[in-house]
Amino acid sequence: MLRKKSLPMVMEDARLGMLEGENFGLKKTLRVRDLTAFGVAAVVGAGIFSTIGTAAADGGPAVSLLFIFTGIACAFSALCYAEFASIVPVSGSAYTYSYIAFGELVAWIIGWDLLLEYAIGNVVVAISWSDYFTGFFNEFAGHYGKHMPAFLTTDYRSAYDGFSQVQDSIRQGHILTKLSPTLQNSFSAWHDAPNVAGIPLIMNLPAILITVIITWLVYIGIKDSKNANNIMVVIKLLVILLVIAVGSFYISSDNWIPFAPHGLTGVMKGASAVFFAYIGFDAISTTAEECENPRRDLPRGIIYSLIICTVLYVAVAFVLTGMTSYTNLRVGDPLSYVFAAKGVSWMHAIVSVSAIVAMSSVLLVFQLGQPRIWMSMSRDGLLPKVFSRIHPVYKTPSFSTILTGFVVVIPTFFMKSDELTDLTSIGTLFAFVLVCGGILLMKNNPDMSEKRFKVPFVSGRYIVPGMFLITIWIMVQFFSDSLKDFFTIGNDESITEKLPMLIFILSSLALAIGSFVKRLSLIPVLGLISCLYIMTGLGYINWLRFVIWLIVGLVIYFAYGRKKSRLATKE
């Protein structure tokens, strides 16, 4: 289970394609511009059009600094991804990197985990796209007395739960029209849906249709996907720049006071939402086999896209919190809201349309990434050979692409997006942790080529232990009461709820000791620490769900992958 693949073996497997001995290579057509566009497409989506509002409402104008800090934390991981991408220019992303650095068992775990970031994460994006599209459609069609039926824009569980809650509220004397719009919509979906054999026909039709369209686009070829993505990225970048330019005329500096109304606690409360905004830059690495010069272009694409997105996020956060009070930003469409509140109706319409375009490009990049990870796992024997089947005409992973479409479409019938958002975040952070750790293990690998991008080496021997000791001193001096509360289990709090933070503390101590003894590289260590810290904010329940997800994956590995592995057959 700890058997590893060598770099030459990985490159040879990629060359052969592992499709019954036939060499059907992917089409090499991507350059730095295209890779940067894929990164921007994946990152600039729900974060800048939706979750930025919730983060600003929690942290106030100071959330703009949180975007900087989170961008720096992601940069540590991005540099590690960039080095791995230049070492191993194949499509497996963190899965292949882990196979080389840690071995087969960890590789399978991260391959299974990446389902959360790409396919399962795309369920959230598809549902968000549906919300934006439905809102825009109903606003436009409302002028003609038309609207989209609620039972065609809602998942089954939300409709059932909403109908039950409304019935309880009515029995308690509440009036339907006084309830929240979300509850009213869910009630209407269940009440108005046509029935077949007593079962209401309820589905999120826009989410299903956009997933089918994007899957078809990814299926027919990387060149068409690239061109469509580049067009969508240009559109949404122009709109965001327009938002910054026009919004700057409506900024009032009074809205920036107080800068951090809820202190550091309020700012950090938005850490999960802000990190979710950055998810996706690593998807660039899944296109390695379609790059013309992956060793040179992949690192540049990863780093350029992260820099561009961080600058845009910070600028938009300043504009939003300057245009209106942070207390007004807890809405699903903050960019549209601020312009509608200022009476700039033409900007409100432009932002609404661009949000639909932005979500479409996010869907495209993630639908592009998942099949290529499955393809790499199939080449290694951990999945059946059909997963690595390459279409003879379109030169894309045909079966894996179609299956990814089904994996995204089916949950839209019954899953709620809020149940999947944090699970997607914790899965992505776990991948970041393994990539950063993998770079630390790869430093002395004899197969390492000198012609590669390298993470700048700064010795962490004294810096990491020093940071750990200073943090402990600050906590003891200024937050002693919080420390006592943390290490005292109250009646309403169990040790399990504190377990994520305990894991972080012990991991930080181990990294401090390891840095001193082994002279570990500072940047990967900081990447590990920052990602582990953000994971602690996702709560025990999400950690438990994540562990259950990994256990299910391990069952599949021991039932199939362990015996069918290509390394196992060689042995």
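Nothing here was measured: the structure is a model prediction, and the numbers come from that model.

A.B. asks: Got a minute to help me understand the packing of aromatic side chains in this structure?
C.D. replies: Between two aromatic rings, the relevant description is the distance of the centres plus the angle of the planes. By the definition in use, this model includes 19 aromatic pairs. Each ring, one from Trp108 and one from Trp112, has its centre 6.3 Å from the other, and the planes form 15 degrees; the classification is stacked. Linking Trp108 with Trp112, this pair stays in helix 6 (residues 104-141), spanning 4 residues, or about one helical turn. A relative accessible area of 15% means that Trp112 is categorised as buried. Seen in terms of ring centroids, Trp112 and Trp549 are 4.9 Å apart; in terms of plane orientation they differ by 25 degrees. Their pairing is stacked. Placement of Trp112 in helix 6 and of Trp549 in helix 22 (residues 539-564) is noted, with a sequence separation of 437 residues between them. The same class applies to Trp112 and to Trp549, which are both buried. Following the ring pairs from residue to residue traces out a cluster consisting of Trp108, Trp112, Trp549, Tyr557 and Phe558. In this structure, Arg461 packs its charged tip against the face of Phe516, placed 5.0 Å from the ring centre.

A.B. asks: Just to check I follow, could you spell out the environment of Met442 for this structure?
C.D. replies: When you line up the elements, Met442 lands in helix 17 (residues 417-442). Under the relative-accessibility criterion, Met442 is labelled buried at 2%. Residues Met442 and Ile87, spaced 355 residues apart in sequence, show a C-alpha to C-alpha distance of 10.0 Å.

A.B. asks: What am I meant to see in unusual backbone geometry here?
C.D. replies: Most peptide bonds take the trans form, and the phi angle of most residues other than glycine is negative. The residue after Ile257, namely Pro258, is reached through a cis peptide bond having omega 0 degrees. Mapped onto the elements, Pro258 comes out in the loop between helix 10 (222-247) and helix 11 (263-269). Positive phi is not limited to glycine here, since Arg519 has a value of about 55 degrees. Looking at the secondary structure, you find Arg519 in the loop between helix 20 (495-518) and helix 21 (522-536).

What counts and how
- Residues numbered from 1 in each chain as written.
- Predicted model: local features only at pLDDT ≥ 70, side-chain atom pairs only at ≥ 80, totals over all residues.
- Heavy atoms only, no water.
- Phe/Tyr/Trp six-rings, centres within 6.5 Å; stacked < 30°, edge-to-face > 60°.
- Helix = DSSP H or I, 4+ residues; strand = E, 2+ residues; numbered from the N terminus.
- Buried < 20%, exposed > 50% of the residue type's maximum accessible area, 1.4 Å probe, protein only.
- Lys NZ or Arg CZ within 6 Å of the ring centre and 35° of its normal.

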